[in-house]
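Chain residues, written in single-letter form:
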Amino acid sequence: MQPNYADVIELAKAAGDAILAIYNRSDFTTVVEKDDQSPLTEADLGANQILCKGLPGIINVPVISEETALPDQVTRSQWNRF
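What counts and what doesn't
Residues numbered from 1 in each chain as written. Predicted model: local features only at pLDDT ≥ 70, side-chain atom pairs only at ≥ 80, totals over all residues. Heavy atoms only, no water. Patch = residues over 30% accessible without salt bridge, like charges linked within 9 Å, V, L, I, M, F, W, Y side chains within 5 Å. Areas by Shrake-Rupley, 256 points an atom, 1.4 Å probe, with all protein chains shown as cover. Salt bridge = Lys/Arg side-chain N within 4 Å of Asp/Glu carboxyl O. Buried < 20%, exposed > 50% of the residue type's maximum accessible area, 1.4 Å probe, protein only. Axes fitted to C-alpha atoms, helices over the stretch in contact; angles between N-to-C directions. Helix = DSSP H or I, 4+ residues; strand = E, 2+ residues; numbered from the N terminus. Parallel < 35°, antiparallel > 145°, perpendicular 65-115°, else oblique. Left-handed = near helix turned anticlockwise from the far one by under 90°. Contact = heavy atoms within 4.5 Å. Nonpolar A, V, L, I, M, F, W, Y, C, P; charged D, E, K, R; others polar. Polar contact = N/O pair within 3.5 Å; in protein donor to acceptor, adjacent residues only side chain to side chain. Expected span 1.5 Å × (residues − 1). Phe/Tyr/Trp six-rings, centres within 6.5 Å; stacked < 30°, edge-to-face > 60°.

Caption draft 1: Up close: a nonpolar patch on the surface. A surface patch of nonpolar side chains, amounting to about 280 Å² of accessible area, comprises Leu20, Tyr23 and Phe28. Accessibility expressed as a relative area gives 30% for phenylalanine 28, which makes it partly exposed.

Printed below as a string of structure tokens:
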């Protein structure tokens, strides 16, 4: 199963546009620090939301993301692709 790559590119551009819109604001700030002390910004969360919402409409596979909770191993072990 191959995704429509034009749709993937458009989704990536939408996520990038959301990031730039936040970075270009004068009130851009870090949201929180992750457990590993790396920043988690509003831009990270916004792009993640766009990607996690859009990918399932392009290709029917589960999404694993740095910004969302990892499904448990039992669930992940049932996946052939992600």
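Caption draft 2: Quick peek at the packing of helix H1 (residues 5–23) against helix H2 (residues 42–58). The interhelical angle for the contact between H1 and H2, taken along N-to-C directions, is 165°, at an axis separation of 9 Å. Here H2 runs roughly antiparallel to H1, going by the angle between their axes. Considering how the two elements wind past one another, H1 and H2 form a crossing that is right-handed. Facing Asp7, Val8, Leu11, Ala12, Ala14, Ala15, Ala18, Ile19, Ile22 and Tyr23 of H1, the residues of H2 in contact are Glu42, Ala43, Ala47, Ile50, Leu51, Gly54, Leu55 and Ile58. Looking at the contact of H1 with H2 residue by residue, the class counts come to 15 nonpolar, one polar and two charged.

Caption draft 3: How the structure looks around the side chain of lysine 34. Inspection of the secondary structure puts lysine 34 in the loop between strand S1 (30–33) and strand S2 (39–41). A relative accessible area of 18% means that lysine 34 is categorised as buried. Separated by 2.7 Å, the side chains of lysine 34 and glutamate 66 make a polar contact. Contacts of lysine 34, omitting those with residues within four sequence positions, involve Pro39, Leu40, Glu66 and Glu67.

Caption draft 4: Structural view of H2. Here H2 spans 25 Å end to end across 17 residues, near enough to the 24 Å set by a 1.5 Å rise per residue. Within H2 the residues assigned to the buried category are Ala43, Gly46, Ala47, Asn48 and Gly54. If you follow the buried residues of H2, they end up packed against H1 and S2.

Caption draft 5: Here's a closer look at the packing of aromatic side chains. Applying the stated rule across the entire model yields one aromatic pair. Look at tryptophan 79 and phenylalanine 82: their rings are 6.3 Å apart centre to centre, the planes differ by 45°, and that puts the pair in the tilted class. You can call tryptophan 79 partly exposed: its relative accessible area is 21%. The exposure class of phenylalanine 82 is exposed, given its relative accessible area of 64%.

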